[in-house]
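Examining the three-dimensional arrangement
Next come the chains, spelled out residue by residue.
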Amino acid sequence: MTHATDVTSETIETDAGTARVTWHRARKARFVLAVSHGAGGGIEARDLQALAAVLPGHGVSVALVEQPWRVAGRKVAPAPKTLDVGWRGVWPALAAAGPPVISGGRSAGARVACRTAVELGAHAVLALSFPLHPPGKPEKSRAGELLGAGVPTLVVQGGNDPFGKPEEFPAGAYELVGVPYGDHGFAVPKRAELTQDRAVALVTDAVVRWSGSLG
């Protein structure tokens, strides 16, 4: 677990507005994992908070990135290309930390990470709850963004995610870990054979193992 003294926050001006980065630093970081939120929530998401608590103890600093629209207090995310602009604007501060940067995000943030990975020089991509398609519209696939990431990629997906269940994902050069019973936010029903804490631990365990395997 991190301690309060390890957590700092900074604002960064981008062409999309003011973004905010909250750092959870490892003492001796091998990587920086930069993760942003989805289109309907912020960095308080259970998976992002769990990664920020666990990963610094495994040599990975975590940078929780709030897109400008969230910092400005708006409730609706802008177009994907505007999200990409915000992410590009934050990247120099992430890279300046020194270690290689793993580009990550949940939902819409995962799409941003995949779209921009090669351009920004990301070491790898972490895609949490990748929105493979809009709910109920499997024909509107976004698989091309995931398959085009161009760097080592880990997808962590809820087994009950309406935006794409693990079995719906196409074959490709990425690793996929499923979280049984999990929805788009990795919430599991009370009747599930898996507790909520265990579901979140499956996410963090997968990321710890995968990040440890990266060269």
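Residues numbered from 1 in each chain as written. Predicted model: local features only at pLDDT ≥ 70, side-chain atom pairs only at ≥ 80, totals over all residues. Heavy atoms only, no water.

Topic: the environment of serine 103
Stated formally: Each helix corresponds to a stretch of at least 4 residues labelled H or I by DSSP, and each strand to a stretch of at least 2 residues labelled E; elements are numbered beginning at the N terminus. Whether two residues are in contact is decided by their heavy atoms, any of which lying within 4.5 Å being enough.
Here serine 103 is to be found in strand 5 (residues 101-106). Along the backbone, serine 103 and leucine 120 are 17 residues apart, and their C-alpha atoms lie at a distance of 9.1 Å. With residues near it in sequence (within four places) discarded, serine 103 still touches Ala34, Trp87, Trp91, Ala113, Ala122, Ala124, Val125 and Leu126.

Quick word on unusual backbone geometry
To keep it simple, the criterion reads: Type-normalised accessible area, obtained with a 1.4 Å probe on protein chains alone, sets the label of each residue: buried when under 20%, exposed when over 50%, and partly exposed for intermediate values.
Residue serine 107 is not a glycine yet carries a positive backbone phi of 55°. Summarising the element assignment, serine 107 is placed in the loop between strand 5 and helix 4 (108-120). Judged by relative accessible area, which is 10%, serine 107 ranks as buried. One non-glycine residue, tyrosine 181, adopts positive backbone phi at about 70°. Position of tyrosine 181 among the secondary structure elements: in the loop between strand 8 (175-179) and helix 6 (196-213). The partly exposed category is assigned to tyrosine 181, whose relative accessible area is 33%.

Looking at the packing of aromatic side chains
Here is the rule we go by: Side-chain rings of Phe, Tyr and Trp, where Trp is taken by its six-membered ring, are said to pair if the distance between their centres is within 6.5 Å; with planes under 30 degrees apart they count as stacked, over 60 as edge-to-face, and otherwise as tilted.
Scanning the model with the defined rule gives 2 aromatic pairs in all. Pairing phenylalanine 130 with phenylalanine 169 gives two aromatic rings, centres 6.4 Å apart and planes at 65°, and the pair type is edge-to-face. Here phenylalanine 130 is found in the loop between strand 6 (124-128) and helix 5 (143-147), whereas its partner phenylalanine 169 is found in the loop between strand 7 (153-158) and strand 8, with 39 residues between them in sequence. Neither phenylalanine 130 nor phenylalanine 169 differs from the other in exposure class; each is buried.

What about empty space enclosed by the protein?
Stated formally: The rule is simple: put a 1 Å grid over the protein atoms alone, call a set of points where a 1.4 Å probe fits but cannot get out a cavity, call an open set with protein on both sides within 12 Å along at least five of seven lines a pocket, and count a residue as lining if it has an atom within 4 Å of a point. Grid points are joined across faces, edges and corners, and a volume is the space filled by probe spheres set on the points. Following the grouping adopted for this structure description, the nonpolar residues are Ala, Val, Leu, Ile, Met, Phe, Trp, Tyr, Cys and Pro, the charged ones are Asp, Glu, Lys and Arg, and the polar ones are all others, Gly among them.
With the rule as written, the count across this model stands at 1 cavity of 30 Å³ or more. In this structure, the largest cavity encloses a volume near 40 Å³. Lining the largest cavity, in full, are Ser36, His37, Gly38, Ala39, Gln67, Trp69, Leu83, Ala108, Gly109 and Val112. Of the residues forming the lining of the largest cavity, the biggest block, 3 residues, is contributed by helix 4. Tallied by class, the residues present in the lining of the largest cavity amount to 5 nonpolar, 5 polar and no charged.

Overview of the packing of helix 1 (residues 46-54) against helix 6
What counts, and what does not: Axis definition: a line fit to C-alpha positions, over the contact stretch in the case of helices; interaxial angles, taken between N-to-C directions, run 0 to 180 degrees. Each angle is binned into one of four classes, with values under 35 degrees roughly parallel, values over 145 roughly antiparallel, values of 65 to 115 roughly perpendicular, and all other values oblique. Take the far helix as the reference: if the near one is turned anticlockwise from it by less than a right angle, the crossing is left-handed, and if turned clockwise, right-handed.
Following both chains from N to C, one finds helix 1 and helix 6 inclined at 55°, their axes separated by 10 Å at the closest point. As the angle between them shows, helix 1 and helix 6 are arranged oblique. In this structure, helix 1 meets helix 6 at a crossing whose hand is right-handed. Every residue of helix 6 that contacts helix 1 at Arg46, Asp47, Ala50, Leu51 and Val54 is listed here: Gln196, Val200, Val203, Thr204, Val207 and Val208.

A closer look at the sheet that holds strand 1 (residues 7-14)
Definition in use: We call two strands paired when DSSP finds no fewer than two bridges between them.
Judged by pairing direction, the sheet is mixed, and its 8 strands sit side by side in the order 1-2-4-3-5-6-7-8 without closing on themselves. Each edge of the open sheet carries a strand with a single partner, namely strand 1 and strand 8. Shown here is a sheet whose adjacent strand axes are inclined to one another by a mean of 20°, direction ignored. Pairing of strand 3 (residues 31-36) with strand 4 (residues 60-66), which is carried by 6 bridges, proceeds in the parallel orientation. The partner of valine 35 across the bridge, within strand 4, is leucine 64. Packing of helix 4 onto the sheet brings it into contact with strand 3, strand 5 and strand 6, and relative to strand 5 it is tilted by some 145°. Its contacts with the sheet place helix 6 against strand 3, strand 4, strand 5, strand 6, strand 7 and strand 8, and it is angled at close to 160° to strand 8.

Quick look at the side chain of serine 107
Note the threshold: Pairs of N or O atoms within 3.5 Å make up the polar contacts considered here, provided that, within protein, one atom can donate a hydrogen while the other can accept it, and that residues adjacent in sequence are counted only when both atoms are side-chain atoms.
Here histidine 184 takes part through its side chain, which lies 2.8 Å from a polar atom of the side chain of serine 107. Every residue in contact with serine 107, bar those within four places of it in the chain, is listed here: Gly38, Leu128, Ser129, Pro131 and His184.

Some details on the pattern of salt bridges
Keep this limit in mind: A side-chain nitrogen of Lys or Arg and a carboxyl oxygen of Asp or Glu constitute a salt bridge if their distance falls within 4 Å.
Tallied over the full model, the rule gives 9 salt bridges. In this structure, arginine 106 and aspartate 47 form a salt bridge, with 3.0 Å as the shortest nitrogen-oxygen distance. Of the two residues, arginine 106 sits in strand 5 while aspartate 47 sits in helix 1, which places them 59 residues apart along the sequence. Arginine 106 sits in the buried class, given a relative accessible area of 8%. The buried category is assigned to aspartate 47, whose relative accessible area is 1%. Put simply, arginine 88 and glutamate 119 hold a salt bridge, and the shortest N to O gap is 2.5 Å. Taken together, the residues arginine 88 in helix 3 (residues 80-95) and glutamate 119 in helix 4 connect sequence positions 31 residues apart. Each of the salt bridges in this network shares a partner with another, and the network as a whole consists of Asp84, Arg111, Arg115 and Glu145.

Everything listed here is a matter of coordinates, which is why it stays silent on function.
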